[in-house]
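Structural overview
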Protein chains: 2
Amino acid sequence: MSLRYALLAVLTVEPMTGYDLSKLFQQSVAHVWNAPDSQIYPELRKMEAEGLLEGSDVPWGPRGRKRQYAISDEGREAFRLWMNEPIGYFLERDPAHLKAAYLEWAEPENARVILNEHKAHFTALLQDWTSRLIEINTLTNPLLVKRLEISSPKDHQKVVAFKRYTYEGLIARAEQEILWADRGLELLDSFETA
Amino acid sequence: MSLRYALLAVLTVEPMTGYDLSKLFQQSVAHVWNAPDSQIYPELRKMEAEGLLEGSDVPWGPRGRKRQYAISDEGREAFRLWMNEPIGYFLERDPAHLKAAYLEWAEPENARVILNEHKAHFTALLQDWTSRLIEINTLTNPLLVKRLEISSPKDHQKVVAFKRYTYEGLIARAEQEILWADRGLELLDSFETA
DNA sequence: AACGGCATGTAACGTGTTACATGATTTC
DNA sequence: GAAATCATGTAACACGTTACATGCCGTT
């Protein structure tokens, strides 16, 4: 159910096609919310049917056309409502920690691979998030710049501060996961030498 | 797909009924992997059909009966295989950070509620996880004690160390989320006084 | 006999994933 | 003209959630 609000969030900046959104949700937005096109296209149509979006066919080349979606007042209001609701309680489902709890079942070399991949995964995320944070701080992120252009100047500070706050939180999480993986690798070492 | 391995993990200790497992997955196990009974019962039947579990009807009172599931050699092997595989790449889907990125859309008092609930959520988890860690360190967790009884003494150290490692990681994560929520509340304060 | 816990399930729905399928446009 | 990218979808399946439904057991 959050997918639609993630879509609305992006569309508050400017109208986009399903393809544009699908690109975003594989690249930058993907690190907070990821979605494949096969989920995005039907969701957009549903949202248009419900009046949250207004779709229009835009010609594209001589014969081609593409459907562009603009957020409606109703959609903007739905987004605002969602933003004022508390976050739905989320249930823990954590494959990494589930697996970590039973690592004695893995061969030591495989346990090491598992933890190294955990580390690599969050190292990659850390790099992505860090460069996003730099883009925010230097106002070089295209979407953010467009968002500022359409917002009232008195809100600029808040808009930037909350994006920064988000990425700082993600970065802290990634750093913590990397530390945790390192501690696990040390633990494995201690069993090897023992 | 991890649900079945979470079930297998518990069943490596001793045979249990769907009800037993469902209790565990709402209480202790729930903080690493949660599942409702409506998901557990069908999954157990599927796993029995696939030969991972051996089910047997156990009489329960004069007329009642319950189905108890024991892990089979095949099930134990499947669990071992899974434990030696890397963790499937997981995609980011984080409602809290998604919402945080657009907090300028929420009324300040609602933003405060959102962050306070985030803090309360992780504070509750932190308490649960901390008491679980104490149970591990003092060897007072019933499942862990049973697990040690059926394991070779030379593995005891590893078994305990990995459980401790898991909960230490979860605790660190909870503490980080609480800190993050606090920083967000301070940020909101700074906008109020400004 | 009433109650709380034990025990097991179905049905409907929503969400998410993977694979398949097609065709136009732009760039080289 | 080949390749990369733009553009949009369907179908099948897996996973997960919520609500509903039933009935026995042990205790009071």
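Residues numbered from 1 in each chain as written. Chains lettered and ligands numbered in written order. Predicted model: local features only at pLDDT ≥ 70, side-chain atom pairs only at ≥ 80, totals over all residues. Heavy atoms only, no water.

1. Regarding the protein's contact with DNA strand C
In the vicinity of DNA strand C there are 23 residues, among which Ser38(A), Gln39(A), Arg63(A), Arg67(B) and Arg93(B) approach most closely. In DNA strand C, the atoms that sit within 4 Å of the protein are 73% sugar and phosphate, with bases accounting for the remainder. At 3.4 Å, a side-chain N or O of Tyr41(B) approaches a phosphate oxygen of DNA strand C. At a separation of 2.7 Å, a phosphate oxygen of DNA strand C approaches a polar backbone atom of Arg67(B). Listed by contribution, the elements that provide at least two residues to the surface near DNA strand C are helix H3 (37-49) of chain A together with helix H2 (18-26), helix H3 (37-49) and strand S3 (64-71) of chain B. (Near = heavy atom within 4 Å. Polar contact = N/O pair within 3.5 Å; in protein donor to acceptor, adjacent residues only side chain to side chain. Helix = DSSP H or I, 4+ residues; strand = E, 2+ residues; numbered from the N terminus.)

2. A closer look at the UniProt feature "domain: Transcription regulator PadR N-terminal" (unreviewed entry) in chain A
The sites that carry the UniProt feature "domain: Transcription regulator PadR N-terminal" (unreviewed entry) are, in the present numbering, residues 7-80 of chain A. Between the end C-alpha atoms of residues 7-80 of chain A the distance is 13 Å, and the span holds 45% helix and 24% strand. (UniProt positions renumbered as here; feature names shortened; annotations may be inferred.)

3. Some details on the domain arrangement of chain A
All names here are of chain A. For chain A, the domain assignment lists domain 1 (3-83) and domain 2 (95-193). Measuring from the centre of the C-alpha atoms in domain 1 to the corresponding centre in domain 2 gives 27 Å. If you look at the interface, domain 1 gives 10 residues, while domain 2 gives 10 residues. Among the salt bridges present, the one from Glu-14 reaches Lys-146, with a minimum N-O distance of 2.8 Å. Inspection of the region where domain 1 meets domain 2 yields three residue pairs in polar contact (both at pLDDT 80 or more). (Domains from an automatic or database assignment. Contact = heavy atoms within 4.5 Å. Salt bridge = Lys/Arg side-chain N within 4 Å of Asp/Glu carboxyl O.)

4. Quick word on the sheet that holds strand S2 (residues 53-60) of chain B
Residues and elements named next belong to chain B. Sheet architecture is open: three strands sit in the order S1-S3-S2, paired in antiparallel fashion. Edge positions in the sheet fall to strand S1 (16-17) and S2, since each has one partner strand and no second. Examined bridge by bridge, S1 and S3 share two bridges and lie antiparallel to one another. What sits directly across from Thr-17, in S3, is Gln-68. Sheet strands in contact with helix H1 (residues 2-11) are S1, S2 and S3, and its direction is about 95 degrees off that of S3. (Pairing = 2+ DSSP bridges. Axes fitted to C-alpha atoms, helices over the stretch in contact; angles between N-to-C directions.)

5. Notes on the packing of aromatic side chains
Scanning all chains against the criterion turns up 12 aromatic pairs over all chains. Pairwise contacts between aromatic rings join Tyr5(A), Phe79(A), Trp82(A), Tyr102(B) and Trp105(B) into one cluster. Lying over the aromatic face of Trp82(A), Lys99(B) brings its terminal NZ or CZ to 4.3 Å of the ring centre. (Phe/Tyr/Trp six-rings, centres within 6.5 Å; stacked < 30°, edge-to-face > 60°. Lys NZ or Arg CZ within 6 Å of the ring centre and 35° of its normal.)

6. Some remarks on the sheet that holds strand S1 (residues 16-17) of chain A
Whenever strands of a sheet pair, they do so through backbone hydrogen bonds, lying parallel or antiparallel. Across the sheet, which stays open at both edges, the three strands sit in the order S1-S3-S2 (chain A) with antiparallel pairing between neighbours. The sheet is open, and its two edges are formed by S1 and strand S2 (53-60) of chain A, each paired on a single side.

7. Concerning the interface of chain B and chain A
Facing the 72 residues of chain B at the interface are 72 residues of chain A. Interface area for chain B against chain A, summed over the two sides, is near 7,300 Å², with a carbon-plus-sulfur share of 65%. If you sort the residues of chain B by the area they bury against chain A, Glu92(B), Trp105(B) and Tyr165(B) come out on top, with a joint share of 13%. Between the two partners, chain B and chain A, sit eight salt bridges. Scanning the region where chain B abuts chain A turns up 28 residue pairs in polar contact (both at pLDDT 80 or more). Here the side of chain B that touches chain A gets 22 residues from one element, more than from any other, and that element is helix H8 (residues 156-193) of chain B. (Buried area = accessible area lost by both parts, 1.4 Å probe.)

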